[in-house]
Amino acid sequence: MKKFAITAALAAASALATPAYAGNADGKIQVKVLATGVLADGKIDTVNVGTALAGVASPNTTANDNVVPTLAVEYFVNPNFSIETICCFTQHHVSVTSAGNVAIEHAMDHVLILPATVTLKGHLPLGPLKPYVGAGVTEFFFLGEKAGTGMAAGTQAHLDNTFGAVVQAGVDIAVNDAGMGISLDAKRYFLRPTSHFYNGTGTEILSAKHKLDPWVLSAGVSYRF
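What you are looking at is a predicted structure, and each value in this text was computed from that prediction instead of being measured.

S.K.: Pulling in residues and values, what's your account of the sheet that holds strand E10 (residues 156-159)?
M.R.: The four strands are arranged E2-E14-E13-E10 in an open sheet whose pairing can be described as antiparallel. Whereas interior strands pair on both sides, the edge strands pair on one side only; in this sheet they are strand E2 (43-49) and E10. Looking at each pair of strands side by side, their axes are set apart by 20° on average, direction ignored. Looking at chain direction, E2 and strand E14 (residues 204-211) are connected through five bridges and run antiparallel. Residue pairing across strands places Val 47 opposite Ala 208, the latter belonging to E14.

S.K.: Tell me about the nonpolar core, and please be specific about residues and values.
M.R.: Counting 26 residues, the largest nonpolar core has Met 108, Val 111, Phe 140, Phe 142, Tyr 189 and Phe 197 as its most contacted members. Among the elements that take part in this core, strand E7 (residues 102-123) stands out by supplying four residues, more than any other. Those residues in contact with Tyr 189 that sit more than four places away from it in its chain are Ile 86, Thr 117, Thr 138, Phe 140, Ala 165, Val 166, Asp 213, Pro 214 and Val 216.

S.K.: Kindly report on the packing of aromatic side chains, identifying the contributing residues and their values.
M.R.: Across all of its chains, the model carries three aromatic pairs by this definition. Among the aromatic side chains, those forming a connected cluster through ring pairs are Phe 140, Phe 142 and Tyr 189. Sitting over the ring of Phe 76, Arg 224 keeps its end group 3.6 Å from the ring centre.

S.K.: Break down the pairing of strand E15 (residues 215-224) for me, citing the residues and quoting the values.
M.R.: Here strand E1 (residues 29-39) runs beside E15; their pairing, made up of ten bridges, is antiparallel. Across the sheet, the residue bridging to Leu 34 is Gly 220, located in E15. With nine bridges joining them, strand E12 (residues 180-190) and E15 adopt antiparallel strand pairing. Within E15, the residue paired with Ile 182 across the bridge is Val 221.

S.K.: Pulling in residues and values, what's your account of the pairing of strand E13 (residues 194-198)?
M.R.: The buried count for E13 comes to four of five residues, which makes it a mostly enclosed element. Inspection of the sheet shows E10 paired to E13 by four bridges, in the antiparallel sense. Counted as the bridge partner of His 158 is His 196 from E13. In textbook terms, the turn of a hairpin is the stretch between consecutive antiparallel strands, and for E13 and E14 this stretch comprises five residues, one of which, Gly 202, has a positive phi near 90°.

S.K.: I'd like a rundown of the pattern of salt bridges, residues and numbers included.
M.R.: Evaluated as defined, the whole model comprises eight salt bridges. Here Lys 121 makes a salt bridge to Glu 74, at a shortest N to O gap of 3.1 Å. Separated by 47 residues along the polypeptide, Lys 121 in strand E7 and Glu 74 in strand E4 (residues 66-78) bring together distant segments of the chain. Here the two residues Lys 121 and Glu 74 agree in accessibility, since each one is buried. Put simply, Glu 84 and Lys 121 hold a salt bridge, and the shortest N to O gap is 3.2 Å. Of this pair, Glu 84 sits in strand E5 (residues 81-87) while Lys 121 is found in strand E7, placing the two residues 37 residues apart along the sequence. On the basis of relative accessible area, Glu 84 is assigned to the buried category, the value being 3%.

Criteria and cut-off values
- Residues numbered from 1 in each chain as written.
- Predicted model: local features only at pLDDT ≥ 70, side-chain atom pairs only at ≥ 80, totals over all residues.
- Heavy atoms only, no water.
- Pairing = 2+ DSSP bridges.
- Helix = DSSP H or I, 4+ residues; strand = E, 2+ residues; numbered from the N terminus.
- Axes fitted to C-alpha atoms, helices over the stretch in contact; angles between N-to-C directions.
- Core = buried A, V, L, I, M, F, W, Y, C linked by side-chain atoms within 4.5 Å.
- Buried < 20%, exposed > 50% of the residue type's maximum accessible area, 1.4 Å probe, protein only.
- Contact = heavy atoms within 4.5 Å.
- Phe/Tyr/Trp six-rings, centres within 6.5 Å; stacked < 30°, edge-to-face > 60°.
- Lys NZ or Arg CZ within 6 Å of the ring centre and 35° of its normal.
- Salt bridge = Lys/Arg side-chain N within 4 Å of Asp/Glu carboxyl O.

Here's what the structure looks like:
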């Protein structure tokens, strides 16, 4: 995460220092460096295989929240429409919960997520304030997942990469005419990834579909040129 933040900061600084791309509050390209809160859900939607949670009262699962740096790149087709993509990695764990949504043990650890996302945004230019709404598609790539402490020794865990939808709303605030600005953004993702747990012999002992559906809230600086 630190390496990503340093790289993003250097990229933004390089853009600011490059004379060939003079900043412009109405330019075609906008780059944002953001701090992003990823507020995941993670509840079980359906159980496909296994009864490993049978001993837990009102069993369910939940994913923890995380804060990460994010880099966004946006191309303006015209002043009112743009296409945006983001780059970030966020790490989570999934806990088993009992009645009252009390977390009692980890089912899956070290879940690293790359949310490849593209959105089409509509803007309403109001002088220095430019509110927008958007919608698009996403593919969540899950990397490095491991069975948590709540699973039996030797258990292996896996999450299927998952395609989903995303909606967003936010506002860009121009600070000057040289392309600098402040950005506030909120996204809601809609995904149903499937988890798999295997014992030491490779037999699937538990599988469930989860309601991930994270809120992704961002704030940071932007540079348009």
